[in-house]
Amino acid sequence: MSHHMIELKNVSFKYPQGNEVIKDISFRITHGESVGLIGANGAGKSTLLMLLSGLLIPTNGDIIIGETKLTKKTLKYIRQRIGYCFQNPDDQLFMNTVYDDVAFGPRNYGIDEIEIEKRVDKALERVGALHLKNKFSYKLSGGEKRMVSIATVLSMEPDILLMDEPSSFLDPGARRRLINILNSFEHTKIIATHDLDLVLETCKRTILLKNGKIVFDGNTKDILTDKKLLEECGLELPFCLQTIDKPSLMFSLCKSPVNGFQKGISHKL
Amino acid sequence: MSKLNYSLRQIRFLDECSEGKSLIHRINPIVKILVTLIYIICVVSLEGYEVNRLIPFFLYPVIIISLSDIPIAPLLKRTVISLPFILGIGFLNLLIERNLHGLLIFLSLLIKSILTVLSSLLLIATTGMDNIAKGLLALKVPKIFVLQLMMTYKYILIFTEELITSVNAYELRSSEGGISLKFAGNILGRFFLRVYDRAKNIYNSMILRGFNGEFNIGKKISFANKDIIFLILWIIYFVLIMFFDVVKFFELILGVVT
Ligand SMILES: Nc1ncnc2c1ncn2[C@@H]1O[C@H](COP(=O)(O)OP(=O)(O)OP(=O)(O)O)[C@@H](O)[C@H]1O
Ligand SMILES: [Mg+2]
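Residues numbered from 1 in each chain as written. Chains lettered and ligands numbered in written order. Predicted model: local features only at pLDDT ≥ 70, side-chain atom pairs only at ≥ 80, totals over all residues. Heavy atoms only, no water.

Per an unreviewed UniProt entry, chain B goes by Cobalt ABC transporter, inner membrane subunit CbiQ and derives from Caloramator australicus RC3. Its UniProt record, at the heading Subcellular location (unreviewed entry), says of chain B: "Membrane". (UniProt positions renumbered as here; feature names shortened; annotations may be inferred.)

As named in an unreviewed UniProt entry, chain A is ATPase component NikO of energizing module of nickel ECF transporter, taken from Caloramator australicus RC3. In its Subcellular location (unreviewed entry) section, the UniProt entry covering chain A states "Cell membrane". Chain A has a UniProt comment under Sequence similarities (unreviewed entry) that states "Belongs to the ABC transporter superfamily."

Here it is as C-alpha cells:
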C-alpha cells in the first residue's frame with residue numbers, strides 16, 4: 001500500500017525575514033513506518049512537521065503525501081488524513097469542555113452525533129482520560145491536557161500521525177500509555193521528540209536533524225547507540241543505554257523496557 | 001498578582017454557567033436569541049422619560065435568573081462594569097438639561113442599560129457562545145459575522161490568560177509590586193507577539209481538524225412545545241407592557257379599591 005506514503009524531494013524552507021531553517025531535505029517514508037525525528041532545540045523538527053501538514057509551504061522542493069502532491073488545491077484533501085499533535089497542548093484545546101474539543105474534528109467532517117460520541121469515548125478511553133470527558137478543558141493539568149490533545153487527534157482516525165513532543169508533561173504511567181498507543185497505531189507516523197527512550201521503544205527508523213539538515217537517516221538502533229554523533233548534535237545517549245559501556249549490547253534488553261532496565265542494573269552490579 | 005489570578009478564574013464564569021442543565025438552559029437557542037432581541041428592542045424603544053414604564057421589564061431577568069440557577073452576585077458585577085460609559089453620557093446630558101426632565105432621562109438611561117446588558121449576559125450564561133453561534137446561523141445571519149463574533153469571544157479569553165501569564169512572570173522576578181512604567185512597554189510588546197502566535201496556532205489547529213467556518217456543535221436545534229410556549233408567553237408579555245401602562249393600571253385599581 002502506498003497511500004500512506006510520505007515523500008520529500010529537496011525541500012527547503014525559510015521563514016519570512018529569517019534564514020533557511022530547513023535545508024534541502026529529501027526522504028521517503030513508506031506505509032506503516034514509524035519514524036523518530038530527533039535533533040537539538042531549534043534544529044527544525046517542528047518546522048518540518050508543519051511543512052508536512054501544509055501549515056507552511058516549502059520555499060523549494062516538493063512534498064508528496066500518498067500519491068498527491070501537496071499544493072494549495074490538494075491541501076484540504078491531504079489534511080483530512082493527517083493527524084497533527086501540536087508541541088503545546090494549549091493550542092489544541094479551544095472549546096469549552098473536553099468532549100467538545102475531542103468532537104471538534106469529527107464534527108467538521110459531518111459525522112452524525114451518535115457516531116461522534118462513540119469516537120470520542122473510544123479516543124478518550126485509549127489515552128486513559130475518559131473520566132475527564134465532561135470537564136472544562138482549561139481546568140486540566142498539563143499532562144491531562146496533553147492526553148486530551150492526543151485524543152483530539154485520534155478521534156479523527158487519521159492515516160498519518162504527526163506528533164510534536166508527545167511525551168512532554170506526562171507522568172511515567174501516562175507516558176507508558178502513550179507508548180502503547182503509538183505502538184498500536186498501525187499507520188504511518190512521525191514523532192518529533194527529545195525523549196530518545198520513547199523513540200527507542202516506538203520507532204524502527206530515526207532521522208537526525210542538525211541545523212535543518214539530515215545528518216543521519218536509518219536504523220534507530222544504529223543512531224541511538226552512536227554516542228559521538230549524538231553529542232555532536234546536542235543530544236546524548238538514551239537514558240536506558242547510559243549505564244553501561246557497550247550500548248549496542250544493551251539495545252536488545254531495552255526493547256522490553258521494564259525487564260531490560262532491571263537486567264541492565266543487575267548486569268552493572 | 002493574586003488579584004489578577006483571581007480574575008483569571010472569573011473570566012470563564014459565563015462559559016461555566018452555560019454548561020448548566022436548568023429549564024432555561026434547555027430552551028432552544030434560537031428562541032432565546034429572539035426573546036432577548038425583542039426584549040432589548042422593547043426596552044430601548046421606550047421614550048426617554050418614561051421611567052415607571054420600565055419597571056415591568058425587570059420581571060424578565062428576575063424570572064430567568066431564578067429559573068436558571070445562575071449566581072446573581074457575579075452576574076450583577078459584570079453588568080456594573082459596563083455602566084461607567086453609560087453614566088458618563090447620562091451625566092453630560094444632565095449638565096445640559098438641569099431639570100427634572102434631565103434627571104428622568106438620566107435615570108431611564110441607567111435602567112435601560114442595566115436591563116439590556118443583563119439580558120445579554122443572561123443569554124450567554126444560559127446558552128453558551130457555541131450554541132448562540134449555531135442559533136445565529138440558523139437565523140440566517142451571514143457566516144462571516146458569526147465567525148467574527150466567535151473568534152473574538154474565544155480570543156479575548158485566551159488573550160486575557162496570556163496577559164496574566166506575562167504579568168505573573170514579570171512580578172515573580174521583580175522586587176517591588178506592580179509593573180514599573182519602564183518595563184510596561186516591553187511586557188506589552190511581548191504580550192502582543194505571544195498573543196499573535198497563540199492566535200495563529202489555534203487557528204492552525206482548527207483548520208487541521210477540518211474547520212471551514214462552519215460551527216458544528218453537535219446538538220441539533222430542535223423545537224419542542226416548551227420552546228414555543230416560552231417564546232409566545234414572553235412576546236405576549238412584552239407587547240402588553242409596551243402598549244399598556246401596566247403600572248398606571250395597577251395604580252388605578254388600587255385607587256378604586258382604597
Ligand atoms: N515563526 C518563526 N519565524 C522565524 N523563525 C522561526 C519561527 N519559528 C521557528 N523559527 C526558527 O526556526 C528554527 C527551527 O525551529 P523549530 O521550531 O522547527 O525547532 P525545533 O527543532 O522544533 O526545536 P524544539 O526542540 O525547541 O522544539 C529555530 O532556529 C527558530 O529560531
Ligand atoms: Mg519544536
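Okay, back to it.
> Just checking my understanding: could you explain the coordination of the magnesium ion (ligand 2) for this structure?
Tetrahedral coordination by four donors puts the ideal angle at the metal at 109.5 degrees, and octahedral coordination by six puts it at 90 or 180 degrees. Taken together, Ser-46 of chain A (OG) and Gln-87 of chain A (OE1) make up the protein donors of the magnesium ion (ligand 2), found 1.9 to 2.3 Å from the metal. Taken together, the residues Ser-46 of chain A in helix α1 (residues 45-52) and Gln-87 of chain A in the loop between β6 (82-85) and α3 (98-108) connect sequence positions 41 residues apart. (Donors = N, O, S within 2.8 Å, 3.2 Å for Na, K, Ca; no water. Helix = DSSP H or I, 4+ residues; strand = E, 2+ residues; numbered from the N terminus.)

> How do you make sense of the packing of helix α8 (residues 100-127) of chain B against helix α9 (residues 129-138) of chain B when you look at a structure like this?
To describe two helices that pack against each other, one gives the angle between their axes and the distance between the axes. All names here are of chain B. Interaxial distance between α8 and α9 falls to 7 Å at its minimum, and their mutual angle equals 105°. With respect to α9, the axis of α8 lies roughly perpendicular. Between α8 and α9, the residues in contact are Leu-123, Ile-124 and Thr-127 and Met-129, Asn-131 and Ile-132, respectively. Looking at side-chain class alone, the contact of α8 with α9 contains four nonpolar, two polar and no charged residues. (Axes fitted to C-alpha atoms, helices over the stretch in contact; angles between N-to-C directions. Parallel < 35°, antiparallel > 145°, perpendicular 65-115°, else oblique. Contact = heavy atoms within 4.5 Å. Nonpolar A, V, L, I, M, F, W, Y, C, P; charged D, E, K, R; others polar.)

> I'm lost on the interface of chain B and chain A in this one. Help?
Often, the extent of an interface is quoted as the loss of accessible area upon association of its parts. At the junction of the two partners, chain B supplies 22 residues and chain A supplies 25 residues. Our enumeration of links across chain B and chain A arrives at two salt bridges. In this structure, the salt-bridge partner of Glu-16 of chain B is Lys-139 of chain A, at a minimum N-O distance of 3.3 Å. The interface formed by chain B and chain A includes eight residue pairs in polar contact (both at pLDDT 80 or more). Those elements that place two or more of their residues in the side of chain B that touches chain A are α2 (13-17) and α11 (181-208) of chain B. Residue contributions to the side of chain B that touches chain A peak at eight residues, all from α11 of chain B. Considering only residue class, the side of chain B that touches chain A consists of six nonpolar, seven polar and nine charged. (Salt bridge = Lys/Arg side-chain N within 4 Å of Asp/Glu carboxyl O. Polar contact = N/O pair within 3.5 Å; in protein donor to acceptor, adjacent residues only side chain to side chain.)

> What should I look at first to understand the pairing of β6 of chain A in this one?
Moving residue by residue along a regular strand, the side chains alternate between the two faces of the sheet. Residues and elements named next belong to chain A. Covered by surrounding structure in β6 are Ile-82 and Tyr-84 together with Gly-83 and Cys-85, the residues of both alternating faces. Where β6 and strand β7 (residues 160-164) come together, four bridges link them in parallel fashion. Counterpart to Ile-82 in the pairing with β7 is Ile-160. (Buried < 20%, exposed > 50% of the residue type's maximum accessible area, 1.4 Å probe, protein only. Pairing = 2+ DSSP bridges.)

> Would you explain the pairing of strand β3 (residues 34-38) of chain A in this entry?
All names here are of chain A. Buried residues dominate β3, accounting for five of its five residues. Burial of the side chains of β3 extends over both faces: Ser-34, Gly-36 and Ile-38 are buried on one face and Val-35 and Leu-37 on the other. Here four bridges tie β3 to strand β8 (residues 188-192), and the two strands are oriented parallel to one another. Among the inter-strand pairings, Leu-37 is bridged to a residue of β8, identified as Ala-192. Here β3 pairs with strand β9 (residues 205-210) via four bridges, running parallel. The residue of β9 that forms the bridge with Gly-36 is Thr-206.

> Sorry, what's going on with the site of ligand 1 here?
All names here are of chain A. With respect to spatial proximity, the complete set of residues near ligand 1 consists of Tyr-15, Val-21, Ala-40, Asn-41, Gly-42, Ala-43, Gly-44, Lys-45, Ser-46, Thr-47, Gln-87 and His-194. In the environment of ligand 1, an oxygen atom lies 3.3 Å from a nitrogen or oxygen atom belonging to the backbone of Ala-43. Measuring from an oxygen atom of ligand 1, one finds a side-chain N or O atom of Lys-45 at 2.7 Å. Taken by itself ligand 1 offers 640 Å² of open surface, and the protein chains cover 62% of this. (Near = heavy atom within 4 Å. Areas by Shrake-Rupley, 256 points an atom, 1.4 Å probe, with all protein chains shown as cover.)

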